[in-house]
Structures are given as structure tokens and as C-alpha cells.
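Below, each chain spelled out in residue letters.
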Amino acid sequence: MTCIIVGGGRAGFQAAMTCRMLRPDQAVTLIDAEKETGYYRTLLPQFMVGALPEERLFFPTGNNDPLLTVRTGVRVKTVDCDSRSLTLEGGETLGYDRLILAHGGDPYLPGILAGPPCHGIFPIRDLTNARRAKAWLTDHRQVVVLGGSLVGVKTAVHLRQAGLAVALVVRRGHILLRALSPESTEVIEAHLRGLGIEICVNAPLEEISASGGAIDALKVGGRWLSCNTLLVATGTAPDTSFLEGTGLLTDGKLIVSPGLQTSDPRIFAAGDVAVISSRGEKISPNTWPQAVSQGRLAAENLYRAVPTPHRDMTRINAMDLHGLAMVILGPPVSGAEVISHARADAFVRRELFLVAGRAVGGALIGDITAAGTIHALINSQRQLTAREAGLIRPRTENVIRFPEQTGRRAALILSPKRSSL
Ligand SMILES: Cc1cc2nc3c(=O)[nH]c(=O)nc-3n(C[C@H](O)[C@H](O)[C@H](O)COP(=O)(O)OP(=O)(O)OC[C@H]3O[C@@H](n4cnc5c(N)ncnc54)[C@H](O)[C@@H]3O)c2cc1C
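Treat the numbers as computed from the prediction; the structure is a model and nothing was measured.

Q: If you had to explain the overall build of the protein chain to someone new, which residues and values would you point to?
A: Along the backbone of the protein chain there are 8 helices and 27 strands. For the protein chain, whose C-alpha radius of gyration is 23 Å, the value lies close to the compact-globule estimate of 22 Å for 421 residues. Principal-axis analysis of the C-alpha atoms gives the protein chain an extent of 65 × 65 × 40 Å. As presented, the protein chain carries roughly 18700 Å² of accessible surface, and 50% of it is formed by carbon and sulfur atoms. Taken together, the 45 basic and 38 acidic charged side chains of the protein chain have centroids lying 6 Å from each other.

Q: Tell me what's going on with the pairing of strand E1 (residues 3–6), and back it up with residues and numbers.
A: With burial as the criterion, each face of E1 is covered, one bearing Cys3 and Ile5 and the other bearing Ile4 and Val6. For E1 and strand E7 (residues 98–101), the ladder comprises 4 bridges, and the chain directions are parallel. Among the inter-strand pairings, Ile4 is bridged to a residue of E7, identified as Leu99. Where E1 and strand E2 (residues 28–32) come together, 4 bridges link them in parallel fashion. Paired with Ile4 across the bridge in E2 is Thr29.

Q: Lay out the packing of helix H1 (residues 10–22) against helix H6 (residues 288–302) with the relevant residues and their values.
A: Remark: H1 packs on H6, axes separated minimally by 7 Å, with the N-to-C direction vectors making an angle of 35°. Two packed elements cross with a definite hand, and for H1 against H6 that hand is right-handed. Along the contact surface, H1 presents Arg10, Ala11, Gln14, Ala15, Thr18, Cys19 and Leu22, while H6 presents Trp288, Ala291, Val292, Gly295, Arg296, Ala299, Glu300 and Leu302. Looking at side-chain class alone, the contact of H1 with H6 contains 9 nonpolar, 3 polar and 3 charged residues.

Q: Give a detailed account of the nonpolar core, specifying residues and quantitative values.
A: In terms of nonpolar packing, the biggest core is built from 47 residues, with Val79, Leu86, Leu99 and Leu101 touching the most fellow members. Core analysis: the next-biggest nonpolar cluster, separate from the first, contains 43 residues, Leu180, Leu324, Met326 and Ile365 among them.

Q: Describe the pattern of salt bridges, naming the residues involved and giving the relevant values.
A: A full pass over the atoms with the stated rule returns 13 salt bridges. For Glu92, the salt bridge goes to Arg71, with nearest N and O atoms at 2.8 Å. In this pair, Glu92 sits in the loop between strand E5 (85–88) and strand E6 (93–95) while Arg71 sits in strand E3 (residues 68–72), placing the two residues 21 residues apart along the sequence. The class of Glu92 is partly exposed, set by a relative accessible area of 36%. What makes Arg71 partly exposed here is its relative accessible area of 26%. Residues Asp272 and Arg125 are paired through a salt bridge, measuring 3.9 Å at the closest nitrogen-oxygen approach. Placement of the pair is Asp272 in the loop between strand E19 (267–269) and strand E20 (274–278) and Arg125 in the loop between strand E9 (121–123) and helix H3 (127–137), with a sequence separation of 147 residues.

Q: Talk me through the site of the ligand; I want residue IDs and the actual numbers.
A: Neighbouring the ligand are 34 residues, the closest being Asp32, Arg41, Arg125, Lys154 and Trp288. With respect to the ligand, the side chain of Asp32 contributes an N or O atom lying 2.7 Å from an oxygen atom. One of the backbone nitrogen or oxygen atoms of Asp272 is found 2.8 Å away from an oxygen atom of the ligand. Look at the ligand: alone it shows 1000 Å² of surface, and the protein chains cover 95% of it. For the shell around the ligand, the secondary-structure elements that each account for two or more residues are H1, E2, helix H4 (150–161), H6 and strand E22 (317–321). Counting residues per element, the shell around the ligand draws most heavily on H6, which supplies 3 residues.

Q: Quick one: what's the story with the confidence of the model for the protein chain, residue by residue and with numbers?
A: Of the residues in the protein chain, 94% have a pLDDT of 70 or more, and the chain-wide mean is 91. Across residues 398–421 the pLDDT falls below 50, and counting only partners more than four positions away or on other chains, this stretch makes 55 contacts in the model.

Q: Now, about the side chain of Thr262: what can you tell me, with residues and values included?
A: Inspection of the secondary structure assignment puts Thr262 in the loop between strand E18 (254–256) and E19. For Thr262, a relative accessible area of 6% gives the class buried. At 2.8 Å, the side chain of Thr262 and the backbone oxygen of Ile267 are in polar contact.

Q: Tell me what's going on with a positive patch on the surface, and back it up with residues and numbers.
A: On the surface, Arg171, Arg172, Arg178 and Arg315 cluster together to form a positively charged patch. For Arg315, the location among the structural elements is in the loop between H6 and E22.

Q: Pulling in residues and values, what's your account of the environment of Thr234?
A: Looking at the secondary structure, you find Thr234 in the loop between strand E16 (229–232) and strand E17 (236–237). With 87 residues separating them in the primary sequence, Thr234 and Gly147 have C-alpha atoms 4.7 Å apart. In terms of polar contacts, Thr234 uses its side chain to reach the backbone carbonyl oxygen of Tyr108, at 2.7 Å.

Q: Account for unusual backbone geometry, with residues named and values stated.
A: At Asn202, a residue that is not glycine, the phi angle is positive and equals roughly 50°. Tracing the chain through its elements places Asn202 in the loop between strand E12 (198–200) and strand E13 (205–211). For Asn202, a relative accessible area of 51% puts it in the exposed group.

Q: So what's going on with the packing of aromatic side chains? Which residues, and what values?
A: Taken as a whole and assessed by the stated rule, the structure comprises 6 aromatic pairs. Pairing Phe59 with Trp288 gives two aromatic rings, centres 6.2 Å apart and planes at 75°, and the pair type is edge-to-face. Taken together, the positions of Phe59 in the loop between helix H2 (44–48) and E3 and Trp288 in helix H6 put the pair 229 residues apart, joining distant regions of the chain. Taking relative accessible area as the criterion, Phe59 reaches 4% and is therefore assigned buried.

Rules of the game
- Residues numbered from 1 in each chain as written.
- Predicted model: local features only at pLDDT ≥ 70, side-chain atom pairs only at ≥ 80, totals over all residues.
- Heavy atoms only, no water.
- Helix = DSSP H or I, 4+ residues; strand = E, 2+ residues; numbered from the N terminus.
- Rg over C-alpha atoms; globule rule 2.2 N^0.38 Å.
- Areas by Shrake-Rupley, 256 points an atom, 1.4 Å probe, with all protein chains shown as cover.
- Lys, Arg positive; Asp, Glu negative; His and termini not counted.
- Charge placed at Lys NZ, Arg CZ, Asp CG, Glu CD.
- Buried < 20%, exposed > 50% of the residue type's maximum accessible area, 1.4 Å probe, protein only.
- Pairing = 2+ DSSP bridges.
- Axes fitted to C-alpha atoms, helices over the stretch in contact; angles between N-to-C directions.
- Left-handed = near helix turned anticlockwise from the far one by under 90°.
- Contact = heavy atoms within 4.5 Å.
- Nonpolar A, V, L, I, M, F, W, Y, C, P; charged D, E, K, R; others polar.
- Core = buried A, V, L, I, M, F, W, Y, C linked by side-chain atoms within 4.5 Å.
- Salt bridge = Lys/Arg side-chain N within 4 Å of Asp/Glu carboxyl O.
- Near = heavy atom within 4 Å.
- Polar contact = N/O pair within 3.5 Å; in protein donor to acceptor, adjacent residues only side chain to side chain.
- pLDDT = per-residue confidence, 0-100.
- Patch = residues over 30% accessible without salt bridge, like charges linked within 9 Å, V, L, I, M, F, W, Y side chains within 5 Å.
- Phe/Tyr/Trp six-rings, centres within 6.5 Å; stacked < 30°, edge-to-face > 60°.

Written out as C-alpha cells, the structure is:
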């Protein structure tokens, strides 16, 4: 059986290595548009500021395996489900018996950046751009990070930690709005400001000023910000154009079953590109842990008569923002009941979103105790007992913070309320 995997990010490599492990006698071909593959995208911010050597970016990819062919620097241009073949740019055609689509997302860039080329502007997405940004940042240390997503926030923190002047610019009223409640984002924003990061909210990008072909200022929300580097983290969107006409797309999206199978039973999808249809919802967690678990499951399901459903679709994500620990357990849900506890003076907030007594998401900031247990409760999808709901209370002794943030530990216990999101 010939197996091809499109995309050599975390999902693609996890799928390739799982296929090789399950069927040691069968060859796998992995195809990726980038020249280099098999690296931790999540570590690019640390690499860009020189905090991580390049060799530490790469994860093991089974590169001594004679039955794993990795083709890099070439893009898949078309897929033909009837003849079970795909075409590469350059015209070569390859046949497959099973196909896994794991081609992730391309960076979304605001239209204004499509103007004439200007030095000092880099999307935060891939190793090629991260290398360029790293070299540029050596002499250009006044940085604007555009986009208040997790990628934008963690990049801003690493830049600041490395001593650069940083402004984090977001179009809406808060950072991390898709991941956290506004109350939680306020805790993070206060911490970032304490680190010396300027946060500009309600600030859409309006104009770029350049001199000598390099950026020197940005107009955001009616105000000019001086800068000599712009790092863009305004999100990603999968490029599914090469799947048009295949019948695999619904409204341009690659919708898959809970077993990650597409509408063609020979084709599976995993990672950022896959939109999982489950219990009437369309879920695309877009996280590294999900790329790993989905890549593995897609490969396992290739060989099953009945695909096993993906059981863990939460968007759990753990991060340390220069001394402020944070675990995101799932985004706010419209109309959900919120149980929250906060210690405002210690940068702690813990919240859980409940729908009909079931935990559906939450966040732990500054005190991440019981994160694993709470995550398991969310996955169990059952009604919580009062004792389990009590797990969200902070444990002061486990608060992680930097000395300059210490202070009185007065507890501010907020009463349950309805989420207004
Ligand atoms: C800077 C940064 C920091 C991040 N930090 C975190 C974090 O802390 N925690 C977290 O959970 N997530 C984080 N993420 C998100 C996480 O990296 C992604 O969710 C994950 O990498 C998705 O993996 P993937 O394999 O689905 O897609 P990708 O990693 O995007 O890989 C897809 C690959 O497919 C290739 N490709 C695309 N189209 C084609 C084609 N037509 N033909 C051939 N190849 C193609 C691309 O070149 C790419 O190499 C971060 C992302 C970035 C950029």
C-alpha cells in the first residue's frame, strides 16, 4: 500500500512516523513545500531572539529510515481522488492508496502589507522568515508585534526578555480574546505591561511609513508608533486551493469526521488544516498537542476498517510568560456559567466555563495546580460534583511569580456569573 502525507509539520511527521511503526514493511512519502521540515514552530520566538540555538529547533524525524521518503521544497498542486493521484509543482504525478492531508495553515497577512516590499517586516510562521528576522533584529531593536494571539503574545514576551523595545498591537479591545475571557486577558495584560511591553488595543493597522526601503513607523488606531521591525502574527488560514474540485471541501473547509476521515474514505486529515465535525460542532483546535495526537490517530485510522474517533478535542495549552504560568483549557463559550477565583494582587485568576453542569473550558493563570485533573474533567463531558468544581480554587503556595510581583495575598473571590461573550 502506498501512503503519501502532504505537509511536514508536526501533524505530518507524527503521521509518517506512526505509519512506519505500525507497518514496518510499507513505504511512506512525505511532501513539504518548505525547504526544511521537522522543527518546532512553537520555539521560533526563542530562536529569533537568540535564546535557542538553531540545532535545538529540530525534533527527531526518522531520517535514517530507508522506507520514509521526505521530499522538501515542493508543493502539492492538485489531488485527483478518482485516479488516486496527486501532482506536484513541476508536473510530476504520484499515485497513492492512502493519503493524509496535514498541510497546516499559511500566515494571514493584512492587505496593507501587500504593498511595495519593505525591509524589516516578517511573518512569524516559518524557519526561513525566523532566520531573516533574527539577523535583522541584531541592529533593529524597536519592534512592533502585530496580533494579540498566543503567537503574538509569546513572541512579544521573548523579545522583551531579550531586551528589545516592544509594542504589542491588537485590532480589538484585548489580547488573546479568542482564548480567554476579558477578565483573564486583563491579568495577562497587566503582567506584560509590568515587563515593559507597550500594549496598544483597538488599534487596526492603517499605514506604514518607510525610509530607505525599510520600515520606520506604523499608524495604528489613528496614532503613529516608531519602529524599525514589524513582526506579524495575525493568524493563519489553511490553503486548500489545491483541493478545489475534489469534493473534499465544504465551504472551502476540509471537514473531517471525529475519526479524521474526509468524505473520501481513503483520505484523512490532521492538524491545523482539519476541521472536525463532532456533535453538531465544527472544531479546529490549532494547537501543537492536537497536531501530535491527530497526526498519530490519522495514521492509525488509515489501517482500521472503522476509524476510531478522536476523544480529546480540547485546546489545552500551557505556557510560561516570563514568570507567569498559564494553562488555557478551552475558550469562553457564549452563555456559559463562569466559576472564577482571582487574587488580583498576585496575578492569579482561575476560571471554569460550565454548560448544563459540564465543564467545557477554562483557564488557569498564575496558579496552575490541578490543571491535569481539570482537563480530564472537561474531557469526561459529565456533570461536575461540587467538590470537583471546587478544584478551581487557587492554592496560594503554588502561585508562580517573580519577586517584583509579590504583594499582599488578599483573596478576591468573584461570584459565579453568566459569560457575556
Ligand atoms: C511562532 C509560533 C508559535 C506557536 N506556539 C504554540 C504554542 O506555544 N502552543 C501550541 O499549542 N501551538 C503553538 N503554535 C501553533 C502550532 O505550531 C501549530 O498548531 C502546529 O504547528 C500545527 O501543525 P501542523 O502540522 O498541522 O501544520 P504546520 O506546522 O503548519 O505544517 C504544515 C506544513 O505543510 C506544508 N504545506 C502547506 N501546503 C502544502 C502543499 N500544498 N504541499 C506541500 N506542503 C505543504 C507547509 O509548508 C508546512 O510545513 C505556534 C505557532 C507558531 C507559528
